[in-house]
Amino acid sequence: MRDKERKVIDNARDQPLDKRVCFSVRLLESASTYKDILVRKKDDFTQILLSTRSTYNNTLNREVMNEVKSVLEKAAVDDSKFVLLSAVGSVFCCGLDFDNIVKHLKYNRKRATVKLVDTIKNVVNFFIVFKKPIIVSVNGPAIGLGASILPLCDVVWANEKAWFQTPYTRFGQSPDGCSTITFPKIMGRAAANEMLINGWKMNAQEACDKGLVSQVVWSETFTQEVMVRIQEIPSCNSFVLEKSKALVCYNMNIELKQANEREWEVLKKIWASAQGMEYMLKYVQNKIDAF
């Protein structure tokens, strides 16, 4: 089976669409299953697929984030040259699971707040310090933390039907994922404010024009095109990949860690307050399924 897979990989770019589909199916069939995510370990890279299991629309609770962090920890020390972060279905990630957060905060709010904040802050920090390249394929909507974490990755490919939104004020929340630093740097202060304060819903091409996305890929062949492009990367030297990323990120990492700390200190205060809890409850009770 592995010989056949290698043959498909080597010839993927020259194959017609139906062959590429077979390649994609084989990749998913051989994925190992965690509780809330799928993980595919290839010879040269690790693929993490967000999968709707215990959450809705690939939202992030403590369990999902701990699993992602666990896989990243393993990929950091194994022979993976890079990580591919993607998702199963038509939604990439709808950010934090507010239903789950509200459930935990109802009981011993102070203690639950500390646990939740520490989990999310640690995951974001791990994205900041991860030495190997992280490539993201955004197959659908990316909302809240699902969008704000993208600038912490190295290459972002988006389905043309994907869209991006960080409507924190509607959630009764403050920005996260270091977006208070990364968004103004990559898209300018005015556009960042439209995203972080006004909740501007940005389509894939707009996201590409603003620098949030590297390239937009045609939706009909998105998964197959991503896997074809991925096959070009393993030919790169892993040492060179890591050192190149280190050079690019050198001046930013300290600033990002400080921003992450500031953001979660503010959110900790919001979650621990009666007003913050009221806003979250209101959002959870009134939210409309847009998918």
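Treat the numbers as computed from the prediction; the structure is a model and nothing was measured. (Residues numbered from 1 in each chain as written. Predicted model: local features only at pLDDT ≥ 70, side-chain atom pairs only at ≥ 80, totals over all residues. Heavy atoms only, no water.)

## Describing the packing of helix 4 (residues 98–105) against helix 5 (residues 109–129)
Defined as follows: Orientation is described by lines fitted to C-alpha atoms, with helices fitted over the stretch in contact, and by angles between N-to-C directions that extend from 0 to 180 degrees. A run of H or I in DSSP becomes a helix once it reaches four residues, and a run of E becomes a strand once it reaches two; helices and strands are each numbered from the N terminus. We call two directions roughly parallel when the angle between them is under 35 degrees, roughly antiparallel when it is over 145, roughly perpendicular when it lies between 65 and 115, and oblique otherwise. Only heavy atoms enter the contact rule, under which two residues are in contact if any of them lie within 4.5 Å.
Here helix 4 crosses helix 5 at 140°, and the two axes come no closer than 8 Å. With respect to their mutual orientation, helix 4 and helix 5 come out oblique. Contact with helix 4, carried on its side by Ile101, His104 and Leu105, involves Arg109, Ala112, Thr113 and Leu116 of helix 5 and no other residues of that element.

## Some thoughts on the environment of Lys243
Put simply, the test is: Relative accessibility under 20% of the residue-type maximum defines a buried residue, over 50% an exposed one, and the middle range a partly exposed one, all with a 1.4 Å probe and only protein chains included.
Its place among the elements puts Lys243 in helix 12 (residues 238–249). The partly exposed category is assigned to Lys243, whose relative accessible area is 48%. For the pair Lys243 and Lys131, spaced 112 residues apart in the sequence, the C-alpha separation amounts to 8.4 Å.

## Observations concerning the sheet that holds strand 8 (residues 163–165)
The condition that has to hold: If DSSP finds at least two bridges between two strands, the strands pair.
If you walk across this open sheet you meet the three strands as 6-8-9, and the pairing is mixed. The open sheet terminates on both sides in strands that have one partner only, identified here as strand 6 (142–143) and strand 9 (202–203).

## Some words on helix 14 (residues 274–286)
Put simply, the test is: One less than the number of residues in a helix, times 1.5 Å, gives the span that helix is expected to have. Directions pointing from the helix axis toward each C-beta atom define the arc.
The end-to-end C-alpha distance of helix 14 is 18 Å, a good match for the 18 Å that 13 residues give at a rise of 1.5 Å each. Within the sequence span of helix 14, burial applies to Gly276, Met277, Met280 and Val284. For helix 14, the angular spread of the buried residues around the axis is 95°, confining them to a single face. Of the residues in helix 14, the exposed ones pointing more than 90 degrees away from the buried face are Ala274, Gln275, Glu278, Lys282, Gln285 and Asn286. Packed against the buried residues of helix 14 are helix 4, helix 5, helix 7 (168–171) and helix 13 (253–272).

## A short note on the nonpolar core
So the rule is basically this: The nonpolar core is taken to be a set of buried Ala, Val, Leu, Ile, Met, Phe, Trp, Tyr and Cys residues, with the residues joined through side-chain atoms within 4.5 Å.
Ranked by size, the top nonpolar core spans 73 residues in total, and within it Phe92, Leu96, Phe127, Val136, Val138, Phe164 and Trp271 carry the most contacts. Contact partners of Val136, with chain neighbours within four places excluded, come to Leu85, Phe92, Leu150, Cys153, Val155, Val156 and Trp157. Grouped together as the second largest cluster of nonpolar side chains are twelve residues, Phe45, Phe82, Met227 and Ile233 included.

## Here we look at the pattern of salt bridges
To keep things clear, this is the line we draw: Take a side-chain nitrogen of Lys or Arg and a carboxyl oxygen of Asp or Glu: if they are within 4 Å of each other, that pair is a salt bridge.
Following the criterion strictly, the structure yields eight salt bridges and no others. Across the salt bridge formed by Asp36 and Lys35, the nearest N and O atoms sit 3.8 Å from each other. On the basis of relative accessible area, Asp36 is assigned to the buried category, the value being 2%. By relative accessible area, Lys35 is classed as exposed at 52%.

## Brief notes about the pairing of strand 3 (residues 45–50)
Judged by how many residues are buried, strand 3 sits mostly within the fold: six of six residues are covered. Burial along strand 3 is two-sided: the residues Phe45, Gln47 and Leu49 and Thr46, Ile48 and Leu50 are all buried. Summarising the sheet, strand 2 (residues 37–41) and strand 3 pair through five bridges and their orientation is antiparallel. In the sheet register, Ile37 faces strand 3, and the bridge partner there is Leu50. Connecting strand 2 to the next strand, strand 3, in antiparallel fashion are three residues.

## Observations regarding unusual backbone geometry
If a residue is not glycine, its phi is most likely negative; likewise, a peptide bond is most likely trans. One non-glycine residue with positive phi stands out, namely Asn58, at about 55°. One can find Asn58 in the loop between strand 3 and helix 3 (62–77).

## Structural notes on the packing of helix 5 against helix 13
A packed helix pair is summarised by two numbers, namely the angle formed by the two axes and the spacing between the axes. Just so we agree on the cut-off: Each helix crossing is assigned a hand: it is left-handed if the near helix lies turned anticlockwise from the far helix by less than a right angle, otherwise right-handed if that turn is clockwise. Residues are grouped as follows: Ala, Val, Leu, Ile, Met, Phe, Trp, Tyr, Cys and Pro are nonpolar; Asp, Glu, Lys and Arg are charged; every other residue, Gly included, is polar.
Relative to each other, helix 5 and helix 13 sit at 160°, their axes nearing to 10 Å. Considering the angle they form, helix 5 stands roughly antiparallel to helix 13. Considering only the axes of helix 5 and helix 13, their crossing is right-handed. On helix 13, the residues touching Arg109, Thr113, Leu116, Val117, Ile120, Lys121, Val124, Asn125, Ile128 and Val129 of helix 5 are Asn253, Leu256, Lys257, Asn260, Glu261, Trp264, Lys268, Trp271 and Ala272. For the contact of helix 5 with helix 13, a count of residues per class yields ten nonpolar, four polar and five charged.

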